[in-house]
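Chain residues, written in single-letter form:
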Amino acid sequence: MIVGYAQRGHPKEALKLFTDKRRKFLLPNTITTSSVLSAGAQTGYLTMGRSVHGLGIKLGLKDATFENALIDMYAKCHMIGDAWCVFETVFDKDVIAWNSIISGYSQNGYTYEALELFHRMRLESVSLDAVTLVSVLSACASIGGYRAGISFHGYCMKAGLLSGSVYVGTALLNFYAKCGDAECARLMFDEMGEKNSITWSAMIGCYGIQGDCSRSLELFGDMLKEKLEPNEVIFTTILSACSHSGMLGEGSRYFNTMCKVYNIVPSMKHYACMVDLLARAGRLEEALDFIEKIPIQPDVSLLGAFLHGCRLHSRLDLGEVVVRRMLELHPDKACYYVLMSNLYASEGRWGDANQVMELMKQRGLAKLPGWSQVEMETGDDFSPLVVASHS
């Protein structure tokens, strides 16, 4: 029952069954503990995961299934250091252990470290599989490692992994989309025999990012013809595409369709797209009314979209009201001070802009510096380019 709950997407039920005091005298085996760790990973229940880790040590559980589940649990609970410690203690590392640690580093934002681990995996002659490639392609996509990704594409073709895995094909499509190569992304999309909702979403989003909203909407129509029901991610992509193209009417229609036809509860991303659409169109009072009526607290992305419209249409008065309100609610959030300072600066009110930044410093807050990166060949053995060449 615990295994069934964990594998079928009911992790809380699995944990509830495991902690039932009526069965406290039953000692779990490897299968039980691995399933409980999986449930803990799905729910982010780190305390339970650590308890099961301790129980496994007491019971002497040291097989690969338990160790791999531990690595996965710690990685998904954002304790990548603990995941690494467990990984290093594994004597005979199989492809699942490598996949767990590479995926963990990639999903926690340590993309270069993930590629270094892939390089080490290849040096140790461990045979990679589709899961490995999905993780490294995701890492390449997040850092714009175009040449490295192309190398992995070549490996996929050579190993015959494209025809047998929708996940590898989708990862490649997503990689090309995030690197701005819509042509290669569309070639991947058209060549894929099987497509899931993530595949469609990635391709729709690729056109949306490049401002080609008409092709995004055309593709969305094709998806509906295939009898696939759109999810909240696809609607986020559609609304974002409409926002980038300034298509207010279409965006409003799709937002209403999402809510009323598909009964999807809007997330902050959906609300931010709608505010961006209204603000870009100059309908700032309507956007402000929309913000005040949404049932969740606005975040910095939503307010940023509104303030962008205020700057475009020279309505500093409205922007100032909103940001001051957020500063009252969140005086410890540096992002809102930055928003207000930028708003003043856009109107040439440098004294007010500096005063806001000074207030932020007095309260011990700091803005995280922005950064950019470019792909280049450095001769570093662990650069994405060299890492990919070993595949």
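The structure contained in this document is the topic of the report that follows. (Residues numbered from 1 in each chain as written. Predicted model: local features only at pLDDT ≥ 70, side-chain atom pairs only at ≥ 80, totals over all residues. Heavy atoms only, no water.)

## Focus: the state of the cysteines
So, step 1. This model, assessed by the stated rule, comprises zero disulfides.
So, step 2. Of all cysteine sulfurs in the structure, the one in Cys-85 sits closest to Cys-77, which takes part in no disulfide; the separation is 15 Å.
So, step 3. Free cysteine Cys-179: the closest other cysteine sulfur is in Cys-140, separated by 7.9 Å.
So, step 4. Judged by relative accessible area, which is 23%, Cys-179 ranks as partly exposed. (Disulfide = S-S within 2.5 Å. Buried < 20%, exposed > 50% of the residue type's maximum accessible area, 1.4 Å probe, protein only.)

## As for the packing of aromatic side chains
So, step 1. For the structure on display, the rule yields 15 aromatic pairs.
So, step 2. When the centroid spacing of 5.9 Å and the interplanar angle of 25 degrees are considered together, the rings of Tyr-146 and Phe-175 count as stacked. Taken together, the residues Tyr-146 in helix α10 (residues 146-159) and Phe-175 in helix α11 (residues 166-178) connect sequence positions 29 residues apart.
So, step 3. A residue is classified by how much of its surface remains accessible, and Tyr-146, at 25% relative accessible area, is partly exposed.
So, step 4. Ring plane angle 50 degrees and centroid distance 5.6 Å describe the contact between Phe-235 and Tyr-262, whose orientation is recorded as tilted. (Phe/Tyr/Trp six-rings, centres within 6.5 Å; stacked < 30°, edge-to-face > 60°. Helix = DSSP H or I, 4+ residues; strand = E, 2+ residues; numbered from the N terminus.)

## Side note on helix α16 (residues 248-260)
So, step 1. The end-to-end C-alpha distance of α16, which contains 13 residues, comes to 18 Å, matching closely the 18 Å that a straight helix rising 1.5 Å per residue would cover.
So, step 2. Along α16, the residues classified as buried are Leu-248, Gly-251, Tyr-254, Phe-255 and Met-258. Burial along α16 is one-sided: seen end-on, the buried residues are contained in an arc of 135 degrees.
So, step 3. Its buried side turned inward, α16 meets α14 (213-225), α15 (232-245), α17 (268-280) and α18 (284-293). (Expected span 1.5 Å × (residues − 1). Arc of directions from axis to C-beta. Contact = heavy atoms within 4.5 Å.)

## Observations concerning the side chain of Ser-201
So, step 1. On the secondary structure map, Ser-201 appears in helix α13 (residues 197-209).
So, step 2. The class for Ser-201 is buried, based on a relative accessible area of 9%.
So, step 3. Apart from the residues within four sequence positions on either side, Ser-201 is in contact with Val-233, Ile-234 and Thr-237.

## Comments concerning the packing of helix α9 (residues 130-143) against α11
So, step 1. Where α9 meets α11, the closest approach of the two axes is 9 Å, and the angle between their N-to-C directions is 10 degrees. Relative to α11, α9 is oriented roughly parallel. Residues Ala-130, Val-134, Leu-137, Cys-140 and Ala-141 of α9 pack against Tyr-167, Val-168, Ala-171, Leu-172, Asn-174, Phe-175 and Lys-178 of α11.
So, step 2. In terms of residue class, the contact of α9 with α11 is made up of ten nonpolar, one polar and one charged. (Axes fitted to C-alpha atoms, helices over the stretch in contact; angles between N-to-C directions. Parallel < 35°, antiparallel > 145°, perpendicular 65-115°, else oblique. Nonpolar A, V, L, I, M, F, W, Y, C, P; charged D, E, K, R; others polar.)

## Regarding the pattern of salt bridges
For side chains bearing opposite charge, pairing can occur when the charged atoms are close.
So, step 1. Across all of its chains, the model carries twelve salt bridges by this definition.
So, step 2. Residues Glu-285 and Arg-315 are paired through a salt bridge, measuring 2.8 Å at the closest nitrogen-oxygen approach. Taken as a pair, Glu-285 in helix α18 and Arg-315 in the loop between α19 (300-312) and α20 (316-329) lie far apart in primary sequence, 30 residues in all.
So, step 3. Of the charged contacts, one joins Arg-315 and Asp-317 as a salt bridge, the two residues approaching to 3.0 Å between their closest N and O atoms.
So, step 4. Look at Asp-317 and you get partly exposed, because its relative accessible area is 41%. (Salt bridge = Lys/Arg side-chain N within 4 Å of Asp/Glu carboxyl O.)

## Things to note about the environment of Pro-266
So, step 1. Residue position: Pro-266 is located in the loop between α16 and α17.
So, step 2. Placed 31 residues apart in sequence, Pro-266 and Phe-235 show a C-alpha to C-alpha distance of 9.4 Å.
So, step 3. The contact partners of Pro-266, leaving out residues within four places of it in the chain, are Phe-255, Met-258, Cys-259 and Tyr-271.

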